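Coordinates in review
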Amino acid sequence: MRFLLINGPNLNLLGQREPSLYGAETLEVIEADLKEMALKEGIQLDCFQSNFEGALIDRIHAGIGGVDGILINAGAFTHTSIALRDALLSADIPYVELHLSNTSARESFRHQSFLADRAVGIVTGFGAMSYQLAFQGLLAHLRKKR
């Protein structure tokens, strides 16, 4: 089985960007921990981060036919990008939306997600652990379907 982890804008600055909100772990550490978890489960995990909406869309398209599930922290694009939503729906790959912070407890413009209604599940507010919880949820969902 193969998973794709997609991280959107500004997540490359984890560890230095508002650590009181997003934690002190870098994206590299989060990805390494998740790759270790994937290896134990026999899952191939590809990681991709971009600050550019089009690059994220292109990576989703590239996963068609080769990826079994997507973990996505779209950052601010969660609340603004219909194009990202359309890419996920067009790819028809099960996905879990995840966020480090609890977006429902933040500014009102972060309360709506353009991705949530079609996601397998949503994990928010657990810091770096959100990635692991999302991974476990997606894996359980896909194993149940087999």
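That block above? That's the structure.
Bear in mind that the values here come from a model prediction, so they are computed numbers and not experimental data.

Topic: unusual backbone geometry
- Of note in this structure, N10 is not a glycine but carries a positive phi near 75°.
- With respect to the helices and strands, N10 occurs in the loop between β1 (2-7) and α1 (19-22).

Topic: the environment of N7
- Of note, N7 is situated in strand β1.
- Along the primary structure N7 and N73 are separated by 66 residues, whereas in three dimensions their C-alpha atoms are 4.9 Å apart.
- Not counting residues up to four positions away in its chain, the partners in contact with N7 are L27, E31, F48, Q49, S50, L56, N73 and Y131.

Focus on the pattern of salt bridges
- Using the criterion set out here, one finds 5 salt bridges in the structure.
- One salt bridge connects E36 with K40, and the closest N-O pair in it is separated by 3.8 Å. With E36 and K40 both in helix α2 (residues 27-41) and 4 residues apart, the pair spans about one turn of that helix.
- Close ionic contact of R143 with E41 constitutes a salt bridge, the shortest N to O distance being 3.0 Å. With a gap of 102 residues between them, R143 in helix α5 (residues 129-145) and E41 in helix α2 connect regions that are remote in the sequence.
- Taking relative accessible area as the criterion, R143 reaches 42% and is therefore assigned partly exposed.
- One salt-bridge network, in which partners are shared between bridges, spans R2, D46 and R59.

A short note on the packing of α2 against α5
- At their nearest, the axes of α2 and α5 sit 10 Å apart, and the two run at 30° to each other. In this view, α2 runs roughly parallel relative to α5, as classed from their interaxial angle. Pair α2 / α5 crosses with right-handed handedness. Across the interface between the two elements, L27, I30, D33, L34, M37, A38 and E41 from α2 touch Y131, Q132, F135, Q136, L139 and R143 from α5.
- Along the lines of polarity and charge, the residues of the contact of α2 with α5 split into 8 nonpolar, 2 polar and 3 charged.

Rules used throughout
- Each chain has its residues counted from 1, running along the sequence as written.
- In keeping with the model being predicted, local features are shown solely for residues with a pLDDT of at least 70 and side-chain atom pairs are shown and tallied solely at 80 or more, while totals for entire chains, interfaces and linings include all residues.
- Calculated side-chain values reflect all of the structure's heavy atoms, with hydrogen atoms and water omitted.
- Going along the chain from the N terminus, every DSSP run of H or I of four or more residues is numbered as a helix, and every run of E of two or more is numbered as a strand.
- Any pair of residues with heavy atoms lying within 4.5 Å of one another is described as a contacting pair.
- Should a side-chain nitrogen of Lys or Arg be within 4 Å of a carboxyl oxygen of Asp or Glu, the pair is scored as a salt bridge.
- Three exposure classes are used, based on accessible area relative to the maximum for each residue type with a 1.4 Å probe and protein chains only: buried under 20%, partly exposed in between, and exposed over 50%.
- Interaxial angle, 0 to 180 degrees, is taken between N-to-C directions of lines fitted to C-alpha atoms, where a helix line uses only the stretch in contact.
- Orientation labels follow simple angle bins: below 35 degrees gives roughly parallel, above 145 gives roughly antiparallel, 65 to 115 gives roughly perpendicular, and whatever is left gives oblique.
- By definition, turning the near helix anticlockwise from the far helix through less than a right angle yields a left-handed crossing, and turning it clockwise yields a right-handed one.
- Each residue gets one label: Ala, Val, Leu, Ile, Met, Phe, Trp, Tyr, Cys and Pro are nonpolar, Asp, Glu, Lys and Arg are charged, and the others, such as Gly, are polar.

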